[in-house]
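An overview of the molecular structure
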Amino acid sequence: MTVTHEQRMQKKKAVVDSKIAASQEERGVLVINTGNGKGKSSAAFGVVARALGHGLKVGVVQFVKGRSDTGEEAFFRQQPNVAWHVGGEGFTWETQDKERDAKAAQAAWEVACGHLSNPDIGLVVLDEMTYAFKYGWLDLDTVIAKLLSRPHMQHVIVTGRAAPQALRDAADTVSDIGMEKHAFQGGIKAMPGLEF
């Protein structure tokens, strides 16, 4: 007997419907966007737009990026429900000052803690935060404890390469974004509107 497209879709619908029925808990979600591919922060900023569309207030803290001429910052700073903080001093290969970078990350973490304690903020994006663990600027256990004690309905997205396993384990959703090819490798410079 040949299975028709309609029969396959009916079977698939039954599986999806049963998973939806089984997922009834409502609470904030901890998401990690990690990996070597492009798009970790861009994906998080897409969720910022989605959250704003649902009337949520959003806090964004950037831990490494030190520039303030990005398209996402220019756009989202105009939105009344977004608190945007550029806490980084720039990429570590540019600053070459570990102590200054550590102080900047710790100051950014203080801003993040304010957001993570505020039940009025529905989404917190901790952009490029994973580098703070790689370089020892922040204590991982302290950060995880704060993430897990945030307001019940607050969502958090942490971005950056090489997310530590303990952070991945604490998360509800982890996306490991791989890279197959990047324009920069082909000699194309970072372009406004796409890279920043």
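Just so it is clear, the structure is predicted and the values come from calculations on it, not from any experiment.

Some details on the sheet that holds strand S6 (residues 173–176)
- Spatially, S3-S2-S4-S5-S1-S6 is the arrangement adopted by the 6 strands of the open sheet, whose pairing is parallel. At either end of the open sheet lies a strand with only one pairing partner, and these are strand S3 (82–86) and S6. Taking each pair of neighbouring strands and ignoring which way they run, the sheet shows an average axis angle of 10°.
- As paired elements, strand S4 (residues 121–127) and strand S5 (residues 155–159) share 4 bridges and run parallel to each other.

A short note on the environment of Trp109
- Inspection of the secondary structure puts Trp109 in helix H5 (residues 98–116).
- The spacing of Trp109 and Trp137 is 28 residues in sequence and 9.9 Å in space, taken between C-alpha atoms.
- Non-local contacts of Trp109, meaning those with residues more than four positions away in its chain, are made with Phe63, Leu116, Met129, Leu138, Val143 and Lys146.

Quick notes on unusual backbone geometry
- In the Ramachandran plot, Glu128 falls in the positive-phi region, its phi being about 60° despite a non-glycine side chain.
- Tracing the backbone shows Glu128 in the loop between S4 and helix H6 (130–134).
- Glu128 gets classed as buried once you look at its relative accessible area, which sits at 9%.
- Located in the positive-phi region is Ala162, a residue other than glycine, with phi close to 55°.
- Examined against the element boundaries, Ala162 turns out to sit in the loop between S5 and helix H8 (165–170).

Remarks on the side chain of Thr70
- With respect to the helices and strands, the residue Thr70 is situated in the loop between strand S2 (57–62) and helix H3 (71–76).
- Exposure remark for Thr70: the relative accessible area of 4% places this residue in the buried category.

Examining the pattern of salt bridges
- The tally for this structure, following the rule as stated, stands at 6 salt bridges.
- Here Asp17 ties to Lys13 by a salt bridge, and the two come within 2.6 Å at their closest N and O atoms. You can see Asp17 and its partner Lys13 sitting in helix H1 (residues 5–22), 4 residues apart, about one turn around the helix.
- The exposure class assigned to Asp17 is partly exposed, which follows from its relative accessible area of 34%.
- Here Lys103 and Glu99 are joined by a salt bridge, their closest N and O atoms 3.3 Å apart.

Some details on the nonpolar core
- Formed by 30 residues in total, the largest nonpolar core has its most connected members in Phe63, Trp109, Leu126, Met129 and Leu167.
- Every element with two or more residues in this core is listed here: strand S1 (30–34), H5, S4, H6, helix H7 (140–148) and S5.
- Of the residues forming this core, the biggest block, 7 residues, is contributed by H5.
- For Phe63, the residues in contact, after removing those within four places along its chain, are Gly87, Gly88, Ala105, Ala108, Trp109, Ala112, Leu126, Asp127, Glu128, Met129 and Leu138.

About the cut-offs
Residues numbered from 1 in each chain as written. Predicted model: local features only at pLDDT ≥ 70, side-chain atom pairs only at ≥ 80, totals over all residues. Heavy atoms only, no water. Pairing = 2+ DSSP bridges. Helix = DSSP H or I, 4+ residues; strand = E, 2+ residues; numbered from the N terminus. Axes fitted to C-alpha atoms, helices over the stretch in contact; angles between N-to-C directions. Contact = heavy atoms within 4.5 Å. Buried < 20%, exposed > 50% of the residue type's maximum accessible area, 1.4 Å probe, protein only. Salt bridge = Lys/Arg side-chain N within 4 Å of Asp/Glu carboxyl O. Core = buried A, V, L, I, M, F, W, Y, C linked by side-chain atoms within 4.5 Å.

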